[in-house]
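Descriptive analysis of the structure
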Amino acid sequence: MQTVLTIGTVFYFCTMTNQDDQFKRVISHAKEYGYVFQSSEIYDGLSAVYDYAQNGAELKKNIRDYWWKAMVQMHDNIVGIDAAIFMHPTTWKASGHVDAFNDPLIDNKDSKKRYRADVLIEDYCAKIEAKIDKEVEKAAKRFGDAFDKEQFLATNQRVVEYQEKINATLSRMAKSLEKEDLADVKALIEELEIADPLTGSRNWTEVKQFNLMFGTKLGASAENAMDLYLRPETAQGIFVNFLNVQKTGRMKIPFGIAQVGKAFRNEIVARQFIFRMREFEQMEMQFFIKPGTQKEWFEHWKETRMKWHISLGLGTENYRFHDHEKLAHYADAATDIEFKFPFGFKELEGIHSRTDFDLKQHEEYSGKKLQYFDHEMNESYVPYVLETSIGLDRMFLAVFSNSLVEEELDNNTTRTVLKLPAVLAPVKAAVLPLVKKDGLPEIAKQIVDELKWDFNVDYDEKDAVGRRYRRQDANGTPFCITVDHDTLSDNTVTIRHRDTMEQKRVKIEELRDLIKQEVDVKTWLMKM
Ligand code: ATP
């Protein structure tokens, strides 16, 4: 027997007054529900370093698994490795990081705050972009169904001027950075009258380059110690292993090597929670291809990676591509997949056509050949590389911030729900005995014991059942299973869905399949 008990309809509304409030709510919710803590909090924390708590570690692991499954397990020609964080220091000379892994920094003389000069300029442009969005919104209201956004963007005088201003500013900045003309970057900041966002002061120092790598030492005594770096990206661990993996795995081009691991950057400005950390995790894949085919593969991986993101259901409107104006020294094409974070559209993933730069550099510095013998062509060459690189922590923030919503229910109450994609939720189901007596806790615990072979499940008996539902909603748990007195006679329980709040009466033995259907990686990845 199955009865459906629907507790009213729900409509979603956004209670946030502005982006700052929303972002603050995200940070405090992450702490309150055991997702993310400030590192070493009892010592007042360490700037831009965070710890993942009991729920955060699970969510992070699930994101990592979702990526690994899609990139490694589902591709016959992609394998995964786990290279060490420490690498021979020449690696970073060859890769260009010792000489060129810099950010342009600028200090405000009054506030003594330090900023990335390029970020100040980009934020200035983002504000103009917000004005364009406002104009579009107003016009859409005015014209109703007849509104043609493309045409409006191309013809509205004010919008066209805004867009020209953005293009001219970004292109001048890109050129100056390319030429290392830091005086012009400062001149641009002054011309645009950019002020310290915290104090409004325009009293700036010169712009300087700042290397982002952390140094450390290897060796027991100071005289013999070797200077090392903590890796600033995982990619180089893949390049130096290219030939080993190709030979031992008998890999044929095109093929990829994937890796997930920690990276470290001494970021100048790190005030955006886990968006920009000094210790973070990357999920990278280097795809080795025949020279000359990089354009097709660039398009292929742009499309494939975007589909992966969309499969999680966070809303297609929250993603966009941003092609790079300024290319890194190793790239012949690059784009970012940007996501709409609570503070606006920002880079979530980078897709780079890295040419043969890295392998050639490592050939030169190591004196070892890093080439592939192509049997079809009967010749050896240094492969070109297409890279997809996503920050695991940034992905965490994208998922978490997008999922946190306030809903007004039709009985005039509100609830906080963390609508995490069920496949990523840390706890898949909570089992709740209606009361703490009459044998109900024992049955609930048996259900937990059975389900925990397949899923991460919770047992919760404290407080009234309504409060427990709210707690699990805020925690992101997709299902609540309630054991009541009917369970004693007919072996059925209610299963409540987090998002719809719909409750169904089902047999205990049906639970596993019902939950599996909604949380299975396959169900979600098939949407790609
Ligand atoms: P940004 O311009 O934001 O500094 P980037 O272009 O330097 O990023 P990449 O070197 O392309 O970043 O690194 C690939 C991915 O690693 C980024 O898309 C981002 O998701 C992640 N990432 C980079 N730096 C950090 C950081 N400090 N904290 C968290 N994630 C990061």
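Source: prediction; values computed, not measured.

1. Examining the pattern of salt bridges
One pass over the structure, following the stated rule, counts 44 salt bridges. Among the ionic pairs, Lys186 bridges to Glu190, the shortest N-O distance being 3.6 Å. Residue Lys186 and its partner Glu190 are both found in helix H8 (residues 182-191); the two are separated by 4 residues, about one turn of the helix. With a relative accessible area of 11%, Lys186 lands in the buried category. It is possible to trace a salt-bridge network through shared partners that takes in Glu407, Arg415, Lys419, Arg470, Asp473 and Arg496.

2. Considering the environment of Ile274
Along the chain, Ile274 falls in the loop between strand S11 (255-264) and strand S12 (279-289). Between the C-alpha atoms of Ile274 and Ala444, which are 170 residues apart in sequence, the distance is 37 Å.

3. Focus: the layout of surface pockets
Quantified by volume, the second largest pocket comes out at close to 770 Å³. Looking at the lining of the second largest pocket, the elements with two or more residues in it are helix H2 (54-73), helix H11 (294-310), helix H17 (511-519) and helix H18 (521-525). Of the residues belonging to the lining of the second largest pocket, the class tally is 15 nonpolar, 6 polar and 10 charged. The two domains that each donate at least three residues to the lining of the second largest pocket are domain 1 (35-98 + 212-403) and domain 3 (427-525).

4. Quick word on the domain arrangement of the protein chain
Assigned domains of the protein chain: these are domain 1 (35-98 + 212-403), domain 2 (102-210) and domain 3 (427-525). For domain 2 and domain 3, the distance between their C-alpha centroids amounts to 50 Å.

5. A word on the site of the ligand
With respect to spatial proximity, 17 residues lie near the ligand, and among them Glu267, Arg276, Met277, Glu347 and Leu348 are the closest. Arg276 places a polar side-chain atom, nitrogen or oxygen, 2.7 Å from an oxygen atom of the ligand. Residue Gly391 places a main-chain N or O atom 2.9 Å away from an oxygen atom belonging to the ligand. Here the ligand loses 87% of its free accessible area of 590 Å² to cover by the protein chains. Going through the elements one at a time, S12, strand S15 (344-355) and strand S18 (384-391) are the ones with two or more residues in the shell around the ligand. Top contributing element to the shell around the ligand by residue count: S15, with 5 residues. Across the shell around the ligand, the residue classes break down as 5 nonpolar, 5 polar and 7 charged.

6. Quick notes on the packing of H2 against helix H13 (residues 392-403)
Interaxial distance between H2 and H13 falls to 10 Å at its minimum, and their mutual angle equals 110°. With respect to H13, the element H2 is oriented roughly perpendicular. Each of Gly56, Leu59, Lys60, Ile63 and Arg64 in H2 lies in contact with H13, whose residues at this interface are Leu392, Asp393, Met395, Phe396, Val399 and Phe400. Classifying every residue of the contact of H2 with H13 by side-chain character gives 7 nonpolar, 1 polar and 3 charged.

7. Description of the sheet that holds strand S7 (residues 114-116)
The strand order across the open sheet formed by 3 strands is S7-S6-S8, and the pairing between neighbours is antiparallel. Each edge of the open sheet is held by one strand with a lone partner, namely S7 and strand S8 (208-211). Averaged over all neighbouring strand pairs, the angle between strand axes comes to 45°, with direction disregarded. Examined bridge by bridge, strand S6 (residues 102-107) and S8 share 4 bridges and lie antiparallel to one another. Across the sheet, the residue bridging to Pro104 is Gln209, located in S8.

Each value, and the rule that gives it
- Residues numbered from 1 in each chain as written.
- Predicted model: local features only at pLDDT ≥ 70, side-chain atom pairs only at ≥ 80, totals over all residues.
- Heavy atoms only, no water.
- Salt bridge = Lys/Arg side-chain N within 4 Å of Asp/Glu carboxyl O.
- Helix = DSSP H or I, 4+ residues; strand = E, 2+ residues; numbered from the N terminus.
- Buried < 20%, exposed > 50% of the residue type's maximum accessible area, 1.4 Å probe, protein only.
- 1 Å grid on protein atoms, 1.4 Å probe; cavity = no way out; pocket = protein on both sides within 12 Å on 5 of 7 lines; lining within 4 Å.
- Points joined across faces, edges and corners; volume = space filled by probe spheres on them.
- Nonpolar A, V, L, I, M, F, W, Y, C, P; charged D, E, K, R; others polar.
- Domains from an automatic or database assignment.
- Near = heavy atom within 4 Å.
- Polar contact = N/O pair within 3.5 Å; in protein donor to acceptor, adjacent residues only side chain to side chain.
- Areas by Shrake-Rupley, 256 points an atom, 1.4 Å probe, with all protein chains shown as cover.
- Axes fitted to C-alpha atoms, helices over the stretch in contact; angles between N-to-C directions.
- Parallel < 35°, antiparallel > 145°, perpendicular 65-115°, else oblique.
- Contact = heavy atoms within 4.5 Å.
- Pairing = 2+ DSSP bridges.

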